[in-house]
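Coordinate inspection notes
Each chain, written out:
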Amino acid sequence: MGMKAISKLKSMMPPSLSRHCSHTPTASRNAANHPPSSLLDDFTRFCYQRDLPRAIRAMDAMQRLGLHADAVTYSELIKCCLSRRAIAEATLVRNHIFSGGYEPKTFLVNTLINMYVKFDHLEEAQALFDQMTERNVVSWTTMISAYCNVKLNDKALKLMVLMIRDGVRPNMFTYSSVLRACDSLFNLGQLHCGIFKAGLDSDVFVRSALIDIYAKWGELRCALCVFGEMVTGDSVVWNSIIGAFAQNNDGDGALNLFKRMKRAGFQADQPTLTSVLRACTGLALLELGTQVHVHVLKYDQDLILNNALLDMYCKCGSLEDAKSVFDRMVEKDVISWSTMIAGLAQNGYSREALNLFELMKVSGTKPNYITILGVLFACSHAGLVEDGWYHFRSMKNVYKIDPGREHFGCMIDLLGRAGKLDEAIKLIDEMEYEPDAIIWRPLLDACRVHQNMDVAEYAAKQVLNLDPEDAGTYILLSNIYANSQRWEDVAEVRKNMRERGVRKEPGCSWIEVNKQIHAFILGDSSHPQIVEINRQLNLLIHKLREVGYIPDTSFVLRDLEGEQKDDSIRYHSEKLAIAFGLMSLSRGKTIRIRKNLRICGDCHIFAKLTAKVENRTIVIRDPIRYHHFQDGICSCGDYW
DNA sequence: ATAGGGTTAG
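One structure accompanies this document, and this report is about it. (Residues numbered from 1 in each chain as written. Chains lettered and ligands numbered in written order. Predicted model: local features only at pLDDT ≥ 70, side-chain atom pairs only at ≥ 80, totals over all residues. Heavy atoms only, no water.)

All right, on to the pattern of salt bridges then. Applying the stated criterion across every chain, the model contains 29 salt bridges. Asp470 serves as the salt-bridge partner of Arg441, at 2.8 Å between the closest nitrogen and oxygen. Of the two residues, Arg441 is situated in helix H28 (residues 437-450) and Asp470 in the loop between helix H29 (453-466) and helix H30 (471-483); the sequence distance between them amounts to 29 residues. Here Arg441 falls in the partly exposed class, since its relative accessible area comes to 22%. Among the residues examined, Asp470 registers a relative accessible area of 12% and is labelled buried. Between Asp622 and Arg598 there is a salt bridge, with its nearest N and O atoms 3.2 Å apart. Placement of the pair is Asp622 in the loop between strand S4 (618-621) and strand S5 (626-630) and Arg598 in the loop between strand S3 (591-595) and helix H34 (601-613), with a sequence separation of 24 residues. On the accessibility criterion, Asp622 (3% relative accessible area) is buried. Owing to a relative accessible area of 10%, Arg598 belongs among the buried residues under this scheme. Through salt bridges with shared partners, a single network forms among Asp413, Arg417, Asp445, Arg598 and Asp622. (Salt bridge = Lys/Arg side-chain N within 4 Å of Asp/Glu carboxyl O. Helix = DSSP H or I, 4+ residues; strand = E, 2+ residues; numbered from the N terminus. Buried < 20%, exposed > 50% of the residue type's maximum accessible area, 1.4 Å probe, protein only.)

Before going further, it helps to examine the sheet that holds strand S2 (residues 516-521). Within the open sheet, the 6 strands sit side by side as S2-S1-S3-S4-S5-S6. Their pairing is mixed. Here the strands that pair on one side only, and so sit at the sheet edges, are S2 and strand S6 (633-634). Taken together, the 6 bridges between strand S1 (residues 508-513) and S2 define a ladder with antiparallel strand orientation. Following the sheet pairing, Trp510 is matched in S2 by Ala519. Packed onto the sheet, H34 meets S4, S5 and S6 and runs at close to 35° relative to S5. (Pairing = 2+ DSSP bridges. Contact = heavy atoms within 4.5 Å. Axes fitted to C-alpha atoms, helices over the stretch in contact; angles between N-to-C directions.)

Right, let's get into the packing of aromatic side chains. All told, the structure shown has 11 aromatic pairs when counted by the stated rule. Judged by centre distance (5.3 Å) and plane angle (80°), the rings of Phe392 and Phe408 are edge-to-face. One end of the pair, Phe392, is in helix H25 (residues 385-397); the other, Phe408, is in helix H26 (residues 405-417), with 16 residues separating them in the sequence. Phe392 sits in the buried class, given a relative accessible area of 9%. Assessed through its relative accessible area of 7%, Phe408 is described here as buried. Seen from the ring of Phe129, Arg135 lies directly overhead, with NZ or CZ sitting 4.9 Å from the centre. Over the ring of Phe606 we find Lys575; its NZ or CZ atom is 5.3 Å from the centre of that ring. (Phe/Tyr/Trp six-rings, centres within 6.5 Å; stacked < 30°, edge-to-face > 60°. Lys NZ or Arg CZ within 6 Å of the ring centre and 35° of its normal.)

Structure (C-alpha cells):
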C-alpha cells in the first residue's frame, strides 16, 4: 500500500482513533524530504545502541512530525536515561510520549513511573500515576514500593487499601514491599492473612520480608514460624532469620541457625557474615569472631561487613585489631568513624577517641547524633569538662544536630563525675525535655561516686517513679539508707521490691576458652571444675593478701548496679571467671571476661592486683564500658 | 514494567 493510500484511509477515521496512529496525514506531507519510516528506524536503532544524543535528536524530529514509536523502543530509551542519570533527557522523552494527544499503553506509563521513582522524583511519579486511566498491579506496586523506600509508611498502606478497593489484587511483589510499612502488629497480622488467602506464603521474597518485619517487632517466634515453613532453601531467607536473631540480641540463636545453614549446604555471604559478627559482638566471642574475620577477607571491600568486623574487635576489647581493620578500610563512612571513636572511648582511650574525632572532621565525613554520643562519652570518662562543653555546644552550632536526651545524659554524667553536681542539676533545669531515666541515672551515678546522699535519694526516687521495675536503683537506694543506718528505710525499700516482685538479676560473668563459653553465676556451683576453680581462687586471694589486698565490703555507694554487698563479695562471678581464666588459658594470653552487671570496687582492685601479681592482661567488659587491667592499673583510671 | 537479607548508641 502506497503512502497516499494510507493517508486516505486515515483521513476517514474518526479523530479519536487517528490520534493513535503512528503518523498523521499532515505529518507525512511535511516529511517529504525525510521519509517517516526511515526516521523511525533511525530512532529505534539509536535507542538500542544506547546512543542517547542521537536518539533525542531523532525523537525531536519525530515529535515535529507527530510520529510515535512503539512502547518497547521507548522503554529502551528510558533505560538508557536511567543508566546515565540523564534527568533532563528523561523529561524530554516523557513530554514526547504524551505529545500530540498520544495515549501510551499502561506498560509504558509504568516504565515512566518507575523511572521517576528511581530518579527520586516521587511527585512526578505520583502525577503520572494519577493521570492513568487504567492502573494494573505493576502501577500500584511501583508506587507502594516507592513510598516504602522513603519510609512514608502511611502513604504506602493507604495506597494498598485503595488498590484493593479498585479491584486490583496484590501479588508477591506488592506484599514483599508493603510489609516493611507495617506500623503495628495488628496490620502486620492482617497482611499476613492476606498473604495466606492469596496463597503467596511460599514465595521466598514474601517469606524473607515477613521474617524481617516480625523480627523488627521483636516477634522472633513468629519469624521462626514463617522460617520453619520453608521447603525450598533460599540463602536470603536464611540471612533473614539469622539477622532476626542477631538484631534481637540473641547471639546464641543466630549462631545455631548459622550452623544449620552451613549444614544445609549454603555458603555464607556478606549479610550472613555481618550477622554472625554481630552475634559474636554481643556474646564477646573474640576467638570465633577472629575466625570469621578470615572469611571476611574475601569481601574486603564491603563497607557494612568491615564496620561489623570493626565493632566486633572494639566490643571484644581487642583495640589493636580494631585499629588495623580501621586503617585498612578503603572506604569509611560515618558508622566506621563513630564505631572506632566509641570503641576507643569505651575501652578507656578517651584522648585517642577525641584525636580521631578531629581526624574525622578533616576527612570530610559529617558526624551524626551517634558520633557525638561517643565523643561526649570520651569526655565524661576522662573528666574533660571543657572539651565536653565545647563538643556539646558545637553539635548544634556547627553540625546542626539537636542534642537529644542521650546527649544531655552524657553531659550530666560528665559534670556529675567531675563533682559538679550543681552544674548538672542546673543543666537538667534548663533542658527542654522532661527529665527521665536517661537523665536521672547519670546523676544518681555521680551521687554514688561523690557520696551525696540527699541528691541520690531524690534522683533514685525519680528513677523509680518512671521505672518501678529497676532493680539496680532499689539496691542503691537501700544501700544509701544502710550507709546512714536508716534501717527502717532499708526495710521499706526491700518490702517495696518484694511487693512489686522486682528481683535483682544475679551477677553473671562469661569467659571464652577454646571457643566454648563458660558462664559463672553468683551462687551457682554447677561448673564441672568448680572445686579446682575455688582452690585456685583461694590461692590467688592468699597471694593478693601478701601484696596488701584487703577484701573491701564497704563499697556501698560505689556499687550502683553492681552485685550487692550481701551477695558475698568473695564469690562475685568475675572473680571465679578470673580464677578459671588463669588456670585454663596459657601464660601470655589475655583473660577476657564479659559480665551482665557493672563491676564493683572490690573486684576492680582484685583484678588490678591479679594482673600485676600474675603478670596477665585482664579485660572485663561490663554493660557500659571496658576495663583493661595491666601491671596493676586499669585503663579506666579508676573512674567508672 | 513491580519484590526480600547486613553496620554505630539505647
